[in-house]
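Structural overview
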Amino acid sequence: MNSNTSFPRFLATFLLCIWVASFFGYLGWKPGFAYNAQRYFELFLLGCLFCAGIMLPVRFCWHRFCAVACFTLLTVMVLVIWQAENHWLAVREGLQYLALFSAILLVAKVRHRAGSSSFDRAAYIGLVLFCFGCSLIVVEGLLLSISVGNLNPGVVFGAFVNVRIFAELQFLTLFLLPAAWLQMKSVGWRWFIFLTAILWWGLLLFTGTRSALVALPFALLVLGLSGGLKTLDWLKVLAMQFAGGFLFFVFLRVAIAVILGSSLLGEGSMSFARSSSSGRLEIWADAWQHFVANPLLGTGPGSFACFTNGLAATPHNLLLQLLSEWGVFVTILCFGLALLIFVALVKRMRSANPSNPLQLSLFATLVTIVAASMMEGMITGPLEQMLIVLVLGWAWHFFAQNNFTDLDGKTLRWYQVKYVIVLIAFLSVALWGAKADLAFQKTLLVSPDGVVNLSYGPRFWADGHDHCSDWHERYQNR
């Protein structure tokens, strides 16, 4: 075996073993509180991804304008973090986004190295199994709730903490199912994908989430305007999957009405006619006030949780979160880059002849993420973040695969040294920070007599206020 390929593999394996041993040896086999589990294992999986993939001999060639824009954005973000009142909150939030961005780029490199067809097949299988498994979990909760004679959403969607979390996972995967059906050649897999899509669409309708009434139609409208007639075959498959899901939804409603003797429409149906805004208007107004008070550099990353009286730790709106926490400069840079990327994606899609189903699915999913982020905390949950890493990395390589190049020879050795040093430093800080945060939680949430108080959950690990002095005083005065 060539030494240029055997040494990177050995080093990647060695780093992975060290990370696994360090993670569980230093942090333990499980977090102290159950609601930390997703964030706990997200950190573990990101570390594994970095260790296993950091040695990939693949480089992304930046265009000069994009490189300058990203460097400018990073510089301003560092300035915002530096001036933040709560430095650890700001540093932790900044490191989190930097890690997610690095993971997205790494997924794109993995697709380049593994080959598009192999990566796509594995991703399709993984996503379909994930969607099917989540569907079964919800159906199990539904049957349990019906068995006690009461349709309780807390029981039906209890595995996802909140029904919104479940809907966000669907936003990230629904539009990928048509491409999976069109590109998987096995008849058995096609039937399984169709069954999964029926369950997935039906349960989305059953959630009653109003965000779906905006995010999904908006994404389809943008896709239609951008892709034109090239989208017809893809839309036909999507329509069949949605029709099956709608029939499943109707079946659920009828069955529940018959068994429980309740209304056929039931509660939680998707409608803009509800009298409540679910607190969105209040927290949006709160975020706007914080932006007006600190328009240039914001109040600091992660600080919204500290300056709101409600339990919501984010504004549930990406634009307002950037404005209130990061300020107008970071917001303009982020949305300027997003607009340039959108224009480039549209040009690439229109130039493709014929259109690839995966191209349409990824484009629609990206638009859905942005649209839903204006109403949901799409980028704050651990499961959502891992799916976003997959989808954005997948799309990055698909739309810009000509900018990825394989490395060989002596170039690889400097590539190894440079990134291994950064990786070790980052993972060390991550372990130290996680240990400190978990210990801090215990002092906050466990009283001297051993009673656990979950009146609020830390933002980084769930969605609360772990480093907010006002919340600590309020909790201690109870």
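See the structure shown above.
Throughout what follows, the structure given in this document is the object of discussion.

Cut-offs and rules
Residues numbered from 1 in each chain as written. Predicted model: local features only at pLDDT ≥ 70, side-chain atom pairs only at ≥ 80, totals over all residues. Heavy atoms only, no water. Phe/Tyr/Trp six-rings, centres within 6.5 Å; stacked < 30°, edge-to-face > 60°. Helix = DSSP H or I, 4+ residues; strand = E, 2+ residues; numbered from the N terminus. Buried < 20%, exposed > 50% of the residue type's maximum accessible area, 1.4 Å probe, protein only. Salt bridge = Lys/Arg side-chain N within 4 Å of Asp/Glu carboxyl O. Axes fitted to C-alpha atoms, helices over the stretch in contact; angles between N-to-C directions. Parallel < 35°, antiparallel > 145°, perpendicular 65-115°, else oblique. Contact = heavy atoms within 4.5 Å. Nonpolar A, V, L, I, M, F, W, Y, C, P; charged D, E, K, R; others polar. Expected span 1.5 Å × (residues − 1). Polar contact = N/O pair within 3.5 Å; in protein donor to acceptor, adjacent residues only side chain to side chain. Patch = residues over 30% accessible without salt bridge, like charges linked within 9 Å, V, L, I, M, F, W, Y side chains within 5 Å. Areas by Shrake-Rupley, 256 points an atom, 1.4 Å probe, with all protein chains shown as cover.

As enumerated under the stated definition, the model contains 31 aromatic pairs in all. Consider the rings of Phe50 and Phe426, whose centres lie 6.1 Å apart with planes at 80 degrees: the pair is edge-to-face. Of this pair, Phe50 sits in helix 2 (residues 37-53) while Phe426 sits in helix 16 (residues 411-445), and the two are 376 residues apart along the sequence. Phe50 sits in the buried class, given a relative accessible area of 5%. The class of Phe426 is partly exposed, set by a relative accessible area of 21%. Ring geometry for Trp288 against Phe291: centres 5.1 Å apart, planes inclined by 50 degrees, an arrangement best described as tilted. In this pair, Trp288 and Phe291 are both assigned in helix 12 (residues 280-293), three residues apart and thus about one turn of the helix distant. Members of the aromatic cluster, joined through ring pairs, are Trp19, Phe23, Phe24, Trp29, Tyr40, Phe41 and Phe44.

Overall, the coordinates contain seven salt bridges when judged by the stated rule. When the shortest N-O distance is used, the salt bridge between Glu42 and Arg39 registers 2.7 Å. Within this pair, Glu42 and its partner Arg39 are both found in helix 2, separated by three residues, close to a single helical turn. Residue classification places Glu42 among the buried positions, given a relative accessible area of 5%. Given the relative accessible area of 4%, Arg39 is considered buried. For Asp406, the salt bridge goes to Arg113, with nearest N and O atoms at 3.6 Å. In this pair, Asp406 is assigned in strand 2 (residues 404-406) and Arg113 in helix 4 (residues 87-114), connecting sequence segments 293 residues apart.

Packed helices, taken two at a time, are described by their axes: the angle between them and the distance between them. Relative to each other, helix 4 and helix 5 (residues 116-147) sit at 120 degrees, their axes nearing to 6 Å. As summarised for this structure, helix 4 and helix 5 are arranged oblique, according to the angle between their axes. In this structure, helix 4 contributes Val107, Val110, Arg111 and Ala114 to the contact, and helix 5 contributes Ser116, Ser118, Phe119 and Asp120. In terms of residue class, the contact of helix 4 with helix 5 is made up of four nonpolar, two polar and two charged.

Under the 1.5 Å per step criterion, the end-to-end length of helix 9 (residues 187-207) is 30 Å for 21 residues, consistent within 8% with the ideal 30 Å. By the N-cap criterion, in which a side-chain oxygen at the helix start approaches the backbone nitrogen of a residue two or three places on, helix 9 is capped by Ser186, the distance to Gly188 being 3.4 Å. Note on helix 9: the residue one or two positions beyond its end, Gly208, has a positive phi of about 75 degrees.

Further remarks concern the environment of Leu445. Topologically, Leu445 is positioned in helix 16. In this structure Leu445 comes out as buried when scored by relative accessible area, which is 0%. When the C-alpha atoms of Leu445 and Phe33 are compared, they prove to be 9.6 Å apart, with 412 residues separating the residues in sequence.

Locating Phe171 in the fold gives a position in helix 7 (residues 163-171). Classification of Phe171 by relative accessible area gives buried; the value is 0%. Filtering out sequence-adjacent residues up to four positions away, Phe171 remains in contact with Leu204, Thr209, Ser211, Ala212, Leu216, Thr365, Thr368, Ala372 and Met378.

Okay, the side chain of Asp120 next. Position of Asp120 among the secondary structure elements: in helix 5. On the basis of relative accessible area, Asp120 is assigned to the buried category, the value being 10%.

Together, Phe242, Phe246, Leu247, Val250, Val254, Val258 and Ile259 make up a nonpolar patch on the protein surface, roughly 640 Å² of accessible area in all. You can see Val258 is positioned in helix 11 (residues 232-260). Val258 gets classed as exposed once you look at its relative accessible area, which sits at 65%.

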